[in-house]
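Residue-level structure breakdown
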Amino acid sequence: MTARRCAAALAAATAVLGGAAPAAFADGTPSPAAVPPGLYGTKDPQYDGVFRQSLAFLAQEKANVVPAEQAVSWLTGQQCADGSFMSFRADTAKACDTAKLDTNATSAAVQALVAVGGHGDAVKKGVAWLKSVQQDDGGWPYTPGMGGSDANSTGIVIGALAAAGEKPAEVKSAKGGKTPFDALLTFALPCEDPTGPGAFAFQPDPKTQKLYANADATAAAVTGSLGKGLTATAGQADAKGTACEKATTPEQAAHNGAAYLAKTLAPTGFLKSAMPGATDQPDFGNTADAVVALAADGMAQQAKASADWLSKNAAAWAKENGPAAYAQLVFAADATGADPKNFGGVNLIQSLNATGPAPRTAATATASAEKSEKSETKKNDGISVWWIVGVGLVAGIGVGFLISGRKKNQQL
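It should be emphasised that the depicted structure is a prediction, and the values quoted were computed from it without experimental measurement. (Residues numbered from 1 in each chain as written. Predicted model: local features only at pLDDT ≥ 70, side-chain atom pairs only at ≥ 80, totals over all residues. Heavy atoms only, no water.)

**Some remarks on the packing of aromatic side chains**
Taken as a whole and assessed by the stated rule, the structure comprises five aromatic pairs. Ring geometry for Phe270 against Trp309: centres 4.9 Å apart, planes inclined by 40°, an arrangement best described as tilted. Of this pair, Phe270 sits in the loop between helix H9 (250-265) and helix H10 (284-297) while Trp309 is found in helix H11 (residues 300-313), placing the two residues 39 residues apart along the sequence. Residue Phe270 shares its accessibility class with Trp309, and that shared class is buried. Ring geometry for Phe284 against Trp317: centres 5.6 Å apart, planes inclined by 20°, an arrangement best described as stacked. (Phe/Tyr/Trp six-rings, centres within 6.5 Å; stacked < 30°, edge-to-face > 60°. Helix = DSSP H or I, 4+ residues; strand = E, 2+ residues; numbered from the N terminus. Buried < 20%, exposed > 50% of the residue type's maximum accessible area, 1.4 Å probe, protein only.)

If you want it as structure tokens, here you go:
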């Protein structure tokens, strides 16, 4: 289960039991009523605060929406001294709890800060920390020092490295010289596997070390194997269809994973929930992630079919789950050429923006810069500042996949 779904499960359990939400968690994390200013969403941020904020920024960037300074400051303020991020820091005056450092939150934040622009030092520190906790197999776990590498975490770290201008294939473990792609290949199931030919596992079973197909891990691993991030766009057409082939390269493994997803999605258009007792319940978030993975691999027809299903069925889910859900749908829409401002009749960008501080649009940022330019020109008695303003405008316009706690069951 993802960390985002952990939080959702907690809320659902509270509702089922008819109890009120606690005023605070045992570690002092505030309840939903005490969500800090600047943070997107109204639900308790303990498990997904940094992740949902980061996804919000990445989705806004797709529409050239510039987030409010208050929102960006909240995210940058969550960074730990060593460059890492926790899922959420209730008190940023206190040092980060090393038992709660989160590779997924850190990777999402790095990608978001690259999209926002102007935070190069924070990005470098985040990347340096990710490199420092790389496992011997070349991959990453959710929390360093607690368990082995997993496909989801490794996939999202690859996205962060790529976004920051690194070459993931050159990021090697200190012991063994393994790359992230080496790690992902160890999670790939062979074509003859009866549980999911070509799929990826989250991790080997801790008792048997066997691999079991996991659709969400497959989506993350496909995108990662292609060297792409949370906001991956459509790749070149995959002419291999849904045939599985022996995978010795990341690209071949990505094709096999995408083929598995396409076959799994074909009967209904959606992935089924892995939650116990919910075998026939759609998993909207994982379906959206699968759409992005299919599109990134070049399986446009299969991706569009599931994106169309989401556009007809996911509105209520997104409204209930807030910013990260809206962002996942934005990524699915963008990857398949759909309009996120009219996705099944819903303006996803507008709905996302409404969950947090009012953002500055690219147009607003431009207008403000032009006003400042005129004032500065007058003040300097005719000395031109067009070049300075031009640089500022380019930077402003340029700024613009829950959660990945991924602590889920090994099998679907």
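Past the structure itself, the notes keep going.
**Brief notes about the pattern of salt bridges**
Summed over the entire model, instances satisfying the criterion amount to seven salt bridges. Between Asp334 and Lys62 there is a salt bridge, with the nearest N and O atoms lying 2.8 Å from each other. Of this pair, Asp334 sits in helix H13 (residues 323-335) while Lys62 sits in helix H2 (residues 49-62), and the two are 272 residues apart along the sequence. The exposure class assigned to Lys62 is partly exposed, which follows from its relative accessible area of 24%. As a salt-bridge pair, Arg360 and Glu69 come within 3.7 Å of each other at their nearest N and O atoms. (Salt bridge = Lys/Arg side-chain N within 4 Å of Asp/Glu carboxyl O.)

**So, the side chain of Asn353**
Summarising the element assignment, Asn353 is placed in helix H14 (residues 348-353). Polar side-chain contacts of Asn353 include one of 3.0 Å to the side chain of Gln60. Setting aside chain neighbours within four positions, we find Asn353 in contact with Tyr40, Gln60, Val65 and Pro359. (Polar contact = N/O pair within 3.5 Å; in protein donor to acceptor, adjacent residues only side chain to side chain. Contact = heavy atoms within 4.5 Å.)

**A short note on the environment of Lys341**
In this fold, Lys341 is placed in the loop between H13 and H14. As for Lys341 and Val330, which are separated by eleven residues in sequence, their C-alpha atoms are 8.7 Å apart. With near-sequence residues (within four places) excluded, Lys341 lies in contact with Ala63, Val346, Asn347, Leu348 and Ile349.

**With respect to helix H3 (residues 69-77)**
Burial in H3 covers these residues: Ala71, Val72, Trp74 and Leu75. Summarising the axial view, the buried residues of H3 lie within an arc of 155°, below the 170-degree limit, and thus occupy one face. On the buried face of H3, the contacting elements are H2 and helix H4 (103-116). (Arc of directions from axis to C-beta.)

**Here's the deal with the environment of Ala81**
Take Ala81: it is sitting in the loop between H3 and H4. Spatially, the C-alpha atoms of Ala81 and Gly126 are 9.9 Å apart, while their sequence positions differ by 45 residues.

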